[in-house]
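# Coordinate inspection notes
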Amino acid sequence: TLGAALMFIHYSEFSQLAMDDTMTEQQLQIDTDALTGLYSRHAYSKALKALDAAGALPGDFAAFTIDINGLKQVNDRLGHEAGDELIRGAAACIVNALGSGRSCYRTGGDEFALIIKGYKDEKELTERIGAFSNALKNKVTIDDQSVFVSASFGVAVYPKDSTNSDELLRYADIAMQAAEAKSDTNICMFDKTMIHKVEHDLNIENLMREAIDNDLF
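Since this is a predicted model, take the numbers as computed values, not measurements. Per-chain numbering applies: the sequence of each chain, read as written, is numbered from 1 onward. Reporting of local features is limited, given that this is a predicted model, to residues whose pLDDT is at least 70; pairs of side-chain atoms are given and counted only at 80 or more, and all residues count toward the totals for whole chains, interfaces and linings. Here the side-chain values reflect all heavy atoms present in the structure, with hydrogen atoms and water set aside.

Once that is clear, we can look at a negative patch on the surface. Each patch is assembled from residues with relative accessible area greater than 30% and no salt bridge, linking like charges that lie within 9 Å and nonpolar side chains (Val, Leu, Ile, Met, Phe, Trp, Tyr) that lie within 5 Å. All accessibility values rest on the Shrake-Rupley procedure with a 1.4 Å probe; residue burial counts only the protein chains present in the view. Take a side-chain nitrogen of Lys or Arg and a carboxyl oxygen of Asp or Glu: if they are within 4 Å of each other, that pair is a salt bridge. By the counting scheme adopted, Arg and Lys are positive, Glu and Asp are negative, and His together with the chain ends is not counted. In plain terms, the charge of a residue is placed at NZ if it is Lys, CZ if Arg, CG if Asp and CD if Glu. On the surface, a cluster of negative charge is made up of Glu-81, Asp-84, Glu-85, Asp-143 and Asp-144. Numbering of helices and strands runs from the N terminus, with a helix taken as a DSSP run of H or I at least four residues long and a strand as a DSSP run of E at least two residues long. When you line up the elements, Asp-144 lands in the loop between β4 (138-142) and β5 (145-158).

Right under this line is the structure:
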């Protein structure tokens, strides 16, 4: 009957709206890091793919990778809840230094990432890196104990370092690892020599593992 048909159409429309609302809520959960409220690794990947889909990355694009130092020590000393508080505090510091109109992503347990556009020149980019570094050089109180927060920064720049977004992020990670290994600075801009060092270290590790497996020691 016509009445039954209209009821079916109304029910179908209602079901579709409910499904759309559910999918939107699920997408928000996927794109949002539960601990910090920042964008997630999934959202980070989507943002990069969107840049690639546009045909070319903007000329003033830099990828930052940030590693929060000391999370394991806080977890071991004060417990994982304290570690979570440290990560939330670090996220707040980064967001405050970042300013409005820019996005921060939590990409791992103690790692964050930034996509920076709109800087005038390398001098301004360097100043921004310094601002993030200073923002994270803080003493925070967790469970009535003082904890010193710091971070290591790796930066790769388009198009100087690469014209591919995935490669650019890999280079930022390599630069961050180089910063972690240094004692005189916590910030490293990527350069090609870092790739050779990573490959050399990997070859040495593989040779060591092969020697151990073959009882050569």
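What follows picks up the thread again.
Within the secondary structure, Val-157 sits in strand β5. Here's how the labels work: a residue is buried when its accessible area is under 20% of the maximum for its type, exposed when over 50%, partly exposed in between, all with a 1.4 Å probe on protein chains only. When its relative accessible area of 10% is taken as the criterion, Val-157 is described as buried. Residues count as neighbours in contact if any of their non-hydrogen atoms are within 4.5 Å of one another. If we skip the residues at most four places from it in the chain, Val-157 touches Phe-61, Ala-62, Tyr-119, Leu-125, Ser-162, Leu-168 and Met-189.

Relative orientation of the contacting elements helix α4 (residues 80-98) and helix α5 (residues 122-135) amounts to 145 degrees, with a least axis distance of 9 Å. Judged by the sense of rotation from one axis to the other, the crossing of α4 with α5 is right-handed. When α4 is examined against α5, the residues Cys-93, Ile-94, Ala-97 and Leu-98 are found in contact with a partner set consisting of Ala-131, Phe-132 and Ala-135. Axis angles are defined between N-to-C directions and span 0 to 180 degrees, where every axis is a line fitted to C-alpha atoms and, for a helix, only to the segment in contact. Crossings are assigned a handedness: left-handed for a near helix turned anticlockwise from the far helix by less than a right angle, right-handed for a clockwise turn.

This part takes up the environment of Phe-112. Relative to the helices and strands, Phe-112 is located in strand β3 (residues 111-117). Each C-alpha atom of the pair Phe-112 and Ala-90 lies 9.5 Å from the other, and the pair is 22 residues apart in sequence. With near-sequence residues (within four places) excluded, Phe-112 lies in contact with Leu-38, Phe-64, Thr-65, Ile-66, Ile-68, Ile-87, Ala-91, Ile-94, Cys-104, Tyr-105, Arg-106 and Thr-107.

Time to look at helix α6 (residues 165-181). Note: α-helices contain 3.6 residues per turn, so residues at a spacing of three or four share the same orientation. The span you would expect from a helix comes to 1.5 Å times its residue count less one. The end-to-end C-alpha distance of α6 is 25 Å, a good match for the 24 Å that 17 residues give at a rise of 1.5 Å each. Residues of α6 that are buried include every one of Ser-165, Leu-168, Leu-169, Tyr-171, Ala-172, Ile-174, Ala-175, Met-176 and Ala-179, and no others.

Moving on, we get to the pattern of salt bridges. The final tally for this structure, using the stated rule, is six salt bridges. With a shortest N-O distance of 3.1 Å, Arg-106 and Asp-33 are connected by a salt bridge. Taken together, the residues Arg-106 in strand β2 (residues 104-106) and Asp-33 in the loop between α1 (2-31) and α2 (41-53) connect sequence positions 73 residues apart. The burial state of Arg-106 is the same as that of Asp-33; both residues are buried. Asp-161 serves as the salt-bridge partner of Lys-160, at 3.2 Å between the closest nitrogen and oxygen. Exposure remark for Asp-161: the relative accessible area of 7% places this residue in the buried category.

Looking at the element boundaries, Ala-175 is found in helix α6. The residues touching Ala-175, leaving out its near neighbours within four places in the chain, are Phe-153, Gly-154, Val-155, Cys-188, Met-189, Phe-190 and Met-194.

Another point: the packing of aromatic side chains. Side-chain rings of Phe, Tyr and Trp (the six-membered ring for Trp) are treated as a pair once their centres are within 6.5 Å; stacked means planes under 30 degrees apart, edge-to-face means over 60, and tilted covers the remaining angles. Under the counting rule described, the total for this entry stands at four aromatic pairs. Look at Tyr-171 and Phe-190: their rings are 4.1 Å apart centre to centre, the planes differ by 5 degrees, and that puts the pair in the stacked class. Pair noted here: Tyr-171 is in helix α6 and Phe-190 is in the loop between β6 (187-189) and α7 (193-213), with a separation of 19 residues, a long-range link. Assessed through its relative accessible area of 3%, Phe-190 is described here as buried. Ring pairs connect the aromatic residues Tyr-39, Tyr-44 and Tyr-105, which therefore count as one cluster.

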